[in-house]
Amino acid sequence: MSRADGVDHRSFYPSAGETARLMAEFDAVPLADLKARARAERDRLFGSRVSYSPKVFIPLTRLCMDSCGYCTFSKTPRSAGKLYLTPEDVLDIARAGAESGCSEALFTLGERPELRYRAAQDALKQLGYDTTLSYLAAMADLVQRETGLLAHLNPGTLNADEVSALRRVSASQGLMLETVSEWLCAKGGPHHGAVTKRPERRIETIALAGQARVPFTSGILIGIGESRAERIESLLVLRNLNGAFGHIQEVIIQNFRAKPDTRMAESAEPDFEELLWTTAVARLVLGAGVHLQVPPNLSFERFPELLDAGIDDWGGVSPVTPDHVNPEAPWPARERLAAATRLRGMHLVARLPLYPEFVARLETWVDDAVRPKVRQAADADGLARDDRWSPGVTGIAIDLRIPKSRPNTLDAILARAEAGQRLDHGEIRRLFMARGDEIGAVIAAADIVRRKVNGDVVSYTVNRNINYTNICEYRCAFCAFSKGKTSDALRGKPYNISEGEVARRAVEAWARGATEVCMQGGIHPNFTGDTYLRLLAAVKRAVPEMHVHAFSPLEVWHGASTLDIALDRFIAMLRDAGLGSLPGTAAEILDDGIRATLCPDKISTEQWLAVVRAAHRVGVPTTATVMFGHMEGPQHWATHLLHIRDLQEEMGGFTEFVPLPFVHMEAPLFYRGWARKGPTSRETILMHAVARLALHPLIPNIQTSWVKLGREGVAACLSGGANDLGGTLMNESISRAAGTEHGQEFPPQAMEELIVSLGRTPFQRTTLYAGAPRAQQLSSYEAAPLQPVALELTGIEKRPRSVAQH
């Protein structure tokens, strides 16, 4: 196989001198000192985070062509019972795992049993397959399609074509190197009778996986007769394989356990100190980028001590299935792992079968067909989503379990934020990456600042959304609202309402107590700057007292371009025509790398900032927004917040900051497999809290979006830095088009009931945060129900777009 596939396994071996040098170095160091060095290296590489993978174990077949001296997983056809799990069996296990919050389907199986047993050939034929590997590929694909669990495959040694075929249906693969000690394959050795355990075969497979860019798990088995020096040599081979290809994401140090009814039933097991020594040495040998795992169930009550030797991962832990390879050693419950991790000043996180470093580079490491499933399972850090909640979804509550303890790991950053100092990019990103008890510390600090700035008041405004057209010549990848000639298959038909209908809605809103109309729409190809001026005039003629909060920076840029005038002049014209303020939408994420995919033909970061700066310069205040939970991550959130803070320090025109969680259900970006399922509960609560801290004291108001988060969601955010509920809206269209199920109106009485239930004081405000004549408006709101809206369905005649420089 090595010649055919172009792999020279000997090229990955270290020199005898390197192995001897390291052996002498490590043997001369007391175990306590060795562990201390390993811990320091672990902390330097991975910080205080310890991961595990919530998984189900799917033993596709226990038949195997090999016979190892210590294995109880492998069975003969007579003792195996069912020779292969059926598709129904596989799906039953996978569905149980998905229901229990797992993200990984670990397929473990014996190697090519059809080469040894006629019964295996017959069983495969009955299932409709020629080989175990082809059946494995089909089952991995089935599980991913039907349950969303990501497949991690351990099928044994493979050739290049087999590695590539399995890459198309899996997130990651694995093969234990076990040892490079060839003598263990000799007669009487534990690997005698196991041809695929020969080191060259296993090194070749690991190298082929590297060539194919497969995220890979490997490891060594200790205590089967090898020496310490041979362990170091095995670890160096893995180091060199990873150095060549960069694909080994984790190395497992597994200790041999003697099992009844095996050839090694009476063999001595390695003692726990030997396991600790090998683990510490592995951490020091493997180098940067390789995670280190030791199965906790094989160390029984002493497993917490493994953290002292430098591990940063507990491996796969299943709430559903046993460890079929080591059935005598049940996995510790997640709560025990979390407690043990916390006692050593670290925090436990759930990961996917591929690590965050690989999730961040899916185009390199994962097949096109599998990438969407990875994105749907991942959070913004590339870890596993920690709950099933998504913005806009009803029936699944946002996770409100905020840790009570307050660790001191973030004290310095939080103190600077509470003092109103400008946090740098790394500090803001660090707050966004808070996990475990750190989340409680960030939320508590944000709420302290909120109380200092806003007291216990929660404000809201009575307003109406008027989305005058959903026809748009732009094609933002996240937008389910905009329509064109061929968009009838999406939610709703293209429309363009008349100026008379805009005026009617403004009059109706005023009769119900509204003090604001919020007007935004698509970039209709026939709209010019004059269109926006006419829309303003329609409202102000009908209701002169109405505050008009209108036109995104994209619409302003478009209007100025069509009139070929400067931004300042056009915004001044809008102001003089009655514009009271601009919504700070179309910001999405102020990072042009993300915008290149998210909204490639939209205004750039600098253009958005230029529009807002011009508005502030001519005396038109604006809000600021961020849309998060799609393609971006904490580094982009930090960049965005600093853009907003710095512009506010320069101009002072932002009235509030509004986090807008991405609603994925109907978004084209999600259908194409490019986006996550919106932010998690943790990310949503942290966005409001970190925004409060990063923007303090320059922006006094943090708003939370009820239409995206629902009542429980906004309640959580109001307890973590937010002080404003936004508007009643009356006719919300854009988030509903994206799939949100939280309705299109939140009446004032219901808002006040929610606020009071939180022990806070309601305050009905105007757009610019002045008080509104509350009692009259509350009674008016209930007395004047909305009339059916009138839409003008329309075709589109495209007007050439001019591009002006501003």
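Above this text is the structure in question.
Now for a description of the structure that goes with this document.

Here is what the cut-offs are and how they apply
- Residues numbered from 1 in each chain as written.
- Predicted model: local features only at pLDDT ≥ 70, side-chain atom pairs only at ≥ 80, totals over all residues.
- Heavy atoms only, no water.
- Helix = DSSP H or I, 4+ residues; strand = E, 2+ residues; numbered from the N terminus.
- Buried < 20%, exposed > 50% of the residue type's maximum accessible area, 1.4 Å probe, protein only.
- Contact = heavy atoms within 4.5 Å.
- Areas by Shrake-Rupley, 256 points an atom, 1.4 Å probe, with all protein chains shown as cover.
- Lys, Arg positive; Asp, Glu negative; His and termini not counted.
- Charge placed at Lys NZ, Arg CZ, Asp CG, Glu CD.
- Axes fitted to C-alpha atoms, helices over the stretch in contact; angles between N-to-C directions.
- Parallel < 35°, antiparallel > 145°, perpendicular 65-115°, else oblique.
- Left-handed = near helix turned anticlockwise from the far one by under 90°.
- Nonpolar A, V, L, I, M, F, W, Y, C, P; charged D, E, K, R; others polar.
- Polar contact = N/O pair within 3.5 Å; in protein donor to acceptor, adjacent residues only side chain to side chain.
- Salt bridge = Lys/Arg side-chain N within 4 Å of Asp/Glu carboxyl O.
- Pairing = 2+ DSSP bridges.
- Phe/Tyr/Trp six-rings, centres within 6.5 Å; stacked < 30°, edge-to-face > 60°.
- Lys NZ or Arg CZ within 6 Å of the ring centre and 35° of its normal.

1. With respect to the overall build of the chain
Reasoning step 1: Along the chain, the regular secondary structure elements total 31 helices and 18 strands.
Reasoning step 2: For the chain, the residues scored as buried account for 62% of the 806 residues in total.
Reasoning step 3: Looking at the chain alone, contacts between residues at least 24 apart form 78% of all its contacts between residues at least 6 apart.
Reasoning step 4: Carbon and sulfur atoms form 52% of the exposed surface of the chain, whose accessible area is close to 29300 Å².
Reasoning step 5: The distance from the centre of the 91 positive side-chain charges to the centre of the 95 negative ones in the chain is 1 Å.

2. What about the packing of helix 18 (residues 437–454) against helix 27 (residues 681–695)?
The relative placement of two packed helices is expressed as an angle between their axes plus a distance between the axes.
Reasoning step 1: Remark: helix 18 packs on helix 27, axes separated minimally by 9 Å, with the N-to-C direction vectors making an angle of 45 degrees. Classified by the angle between their axes, helix 18 and helix 27 sit oblique to one another. Along this stretch, helix 18 crosses helix 27, giving a crossing that reads as left-handed. Where helix 18 approaches helix 27, its residues Ile439, Val442, Ile443, Ala445, Ala446, Val449, Arg450, Val453 and Asn454 are matched on the opposing element by Arg682, Ile685, Leu686, Ala689, Val690, Arg692 and Leu693.
Reasoning step 2: Of the residues contributing to the contact of helix 18 with helix 27, the split by class is 12 nonpolar, 1 polar and 3 charged.

3. Comments concerning the side chain of Ser103
Reasoning step 1: Relative to the assigned elements, Ser103 resides in the loop between helix 5 (87–99) and strand 2 (104–109).
Reasoning step 2: Within the structure, Ser103 has its side chain in polar contact with the backbone oxygen of Arg351 (distance 3.5 Å).
Reasoning step 3: Apart from the residues within four sequence positions on either side, Ser103 is in contact with Pro54, Leu149, Leu150, Arg351, Leu352, Pro353 and Ala384.

4. Observations regarding the environment of Ile413
Reasoning step 1: Locating Ile413 in the fold gives a position in helix 16 (residues 411–418).
Reasoning step 2: The buried category is assigned to Ile413, whose relative accessible area is 13%.
Reasoning step 3: With 212 residues separating them in the primary sequence, Ile413 and Arg201 have C-alpha atoms 51 Å apart.
Reasoning step 4: Beyond its immediate stretch of four places on either side in the chain, Ile413 contacts Leu423, Glu427, Arg430 and Leu431.

5. Looking at the pattern of salt bridges
Between side chains of opposite charge, a pair can form when the charged atoms approach closely.
Reasoning step 1: The tally for this structure, following the rule as stated, stands at 52 salt bridges.
Reasoning step 2: For Arg302, the salt bridge identified is with Glu273, shortest N-O distance 3.2 Å. Taken as a pair, Arg302 in the loop between strand 7 (291–293) and strand 8 (313–317) and Glu273 in helix 11 (residues 272–286) lie far apart in primary sequence, 29 residues in all.
Reasoning step 3: On the accessibility criterion, Glu273 (36% relative accessible area) is partly exposed.
Reasoning step 4: Each of Asp27, Glu226, Arg228, Arg231 and Glu274 takes part in a single network of salt bridges with overlapping partners.

6. Observations regarding the sheet that holds strand 14 (residues 579–581)
Reasoning step 1: Ordered in space as 11-12-13-14, the 4 strands form an open sheet in which the pairing is parallel. If you trace the sheet from one side to the other, it starts and ends with strand 11 (463–466) and strand 14, each paired once. Pairwise comparison of adjacent strand axes, ignoring direction, gives a mean angle of 35 degrees for this sheet.
Reasoning step 2: Here strand 11 pairs with strand 12 (residues 516–519) via 4 bridges, running parallel. Bridging across to strand 12, Arg464 finds its partner in Val517.

7. Examining the environment of Leu286
Reasoning step 1: One can find Leu286 in helix 11.
Reasoning step 2: Owing to a relative accessible area of 5%, Leu286 belongs among the buried residues under this scheme.
Reasoning step 3: Note: C-alpha distance between Leu286 and Pro762 (476 residues apart in sequence) is 58 Å.
Reasoning step 4: In contact with Leu286, other than residues within four places in its own chain, are Leu235, Leu238, Arg239, Val251 and Leu292.

8. Some points on the packing of aromatic side chains
Reasoning step 1: If you walk through the whole model with that rule in mind, you get 13 aromatic pairs.
Reasoning step 2: Relative to Tyr532, the ring of Phe527 lies with its centre 6.0 Å away and its plane at 85 degrees, an arrangement referred to as edge-to-face. Here Phe527 matches Tyr532 in class, with each residue buried.
Reasoning step 3: By way of ring pairs, the aromatic residues Tyr468, Phe527, Tyr532 and Phe551 are connected into one cluster.
Reasoning step 4: Here the basic side chain of Arg765 rests over the ring of Tyr769, its NZ or CZ set 4.0 Å away from the ring centre.

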